[in-house]
Amino acid sequence: MDFSSWRGAMATIVGLAIFTLLGVGIRMLMMQTIQQRRERQNRQINERLKTLMSAYRTLGGSFTGQLTVDPTHLRDLRGGAQSGPEETGAQEGKPSSDRSRRIRDAVEAALADILLLGTEEHCRLAGQAAGDLAAGRPIHTAELVISLRSFIRAALDLAPIPGDVTIPLQGPTRAQGSAGRGKGDADRADNKGAGGDMGGGGMGMEIAPGMGRKDGDPPA
């Protein structure tokens, strides 16, 4: 710094301005980089929590009824391979549970998401469940559901569930059937048919008076 002359003072002021601008620019660049990194991490955490919460609802959305996952498709394939053509046809005639198949498919998708985004404990439990499911053994998801619940509450900075709260074992959520949609389609078809019948009756009423009239008769 030199303030002994005007030229030295101007040079000092210009140098300080350039130094300040460089410092501010570097600081803004660093802040922008850190902010982008934080936003990316927040998006990853939010997406991970959203996926794990969806898996939690799928695996633990039921407290009553059948709380196990039944891998029916493997048993059907093995039974069809070991039986003859006549027995296979008889097995195909048996009514199958479409609801259990939908539950199994939803649980398989949830296990795949947990294996992708879960912690080490989640991956271990999900891998064990997936192995049992692939081997054709019914599985229970209660232990995995408890682990997911604890992780999600900790990630959301929520207090743990009090010890005096008794939570029953949880199982896979009950898949909604297509009965309501089929019923709605049937109602629409009935209404359409009723409308067609009414239309046909109206045409018949309009045509009927003119059918008995002959040529030369005065109009009614």
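Residues numbered from 1 in each chain as written. Predicted model: local features only at pLDDT ≥ 70, side-chain atom pairs only at ≥ 80, totals over all residues. Heavy atoms only, no water.

Give me the confidence of the model for the protein chain: which residues, what numbers.
Parts of the prediction with low pLDDT should not have their coordinates interpreted in detail. Residue-level pLDDT values for the protein chain average 76, and 67% of them are 70 or greater. A low-confidence stretch, residues 84-96 stays under pLDDT 50, and its non-local contacts, those more than four residues away or across chains, total seven contacts. Within the model, pLDDT remains below 50 along residues 178-186, and this stretch shows zero contacts once partners closer than five positions in the same chain are excluded. (pLDDT = per-residue confidence, 0-100. Contact = heavy atoms within 4.5 Å.)

An account of the UniProt feature "transmembrane region" (unreviewed entry) in the protein chain is needed here, citing residue identities and associated values.
Feature annotation in UniProt places "transmembrane region" (unreviewed entry) on residues 6-30, given in this structure's numbering. Helix makes up 100% of residues 6-30 and strand makes up 0%, while its end C-alpha atoms are separated by 36 Å. (UniProt positions renumbered as here; feature names shortened; annotations may be inferred. Helix = DSSP H or I, 4+ residues; strand = E, 2+ residues; numbered from the N terminus.)

So what's going on with the pattern of salt bridges? Which residues, and what values?
Applying the stated criterion to the full structure yields two salt bridges. Residue Asp 105 pairs with Arg 104 through a salt bridge whose shortest N-O separation is 3.0 Å. Here Asp 105 falls in the partly exposed class, since its relative accessible area comes to 40%. (Salt bridge = Lys/Arg side-chain N within 4 Å of Asp/Glu carboxyl O. Buried < 20%, exposed > 50% of the residue type's maximum accessible area, 1.4 Å probe, protein only.)

Just give me the short version of the nonpolar core, but keep the residues and values in it.
Note that soluble globular proteins tend to have their nonpolar side chains buried in a common cluster. By size, the foremost hydrophobic cluster in this structure holds 19 residues, and its most contacted members are Leu 59, Val 107, Leu 111, Ile 114, Ile 139, Leu 144 and Leu 148. Elements that contribute at least two residues to this core include exactly helix H1 (6-59), helix H4 (98-117), helix H5 (120-134) and helix H6 (142-155). Ranked by residues supplied to this core, first place goes to H4 with five residues. Once residues lying within four places of it in the same chain are set aside, the contact partners of Val 107 are Thr 58, Leu 59, Val 69, Ile 139 and Pro 172. (Core = buried A, V, L, I, M, F, W, Y, C linked by side-chain atoms within 4.5 Å.)

Mind laying out H5, listing which residues take part and the relevant values?
For H5, with 15 residues, the first-to-last C-alpha span of 21 Å sits near the 21 Å given by 1.5 Å per residue. For H5, every residue scored as buried is listed here: His 122, Leu 125, Ala 126, Ala 129 and Leu 133. When H5 is viewed along its axis, its buried side chains cluster within an angular range of 95 degrees and face the same direction. Counted as exposed and oriented over 90 degrees from the buried face of H5: Glu 120 and Ala 134. (Expected span 1.5 Å × (residues − 1). Arc of directions from axis to C-beta.)

Lay out the side chain of Arg 149 in plain terms, naming residues and giving numbers.
Examined against the element boundaries, Arg 149 turns out to sit in helix H6. The buried charged residue Arg 149 lacks any salt bridge, with Glu 121 as its nearest oppositely charged partner at 11 Å. Apart from the residues within four sequence positions on either side, Arg 149 is in contact with Tyr 56, Ile 161, Ile 167 and Gln 170. (Lys, Arg positive; Asp, Glu negative; His and termini not counted.)

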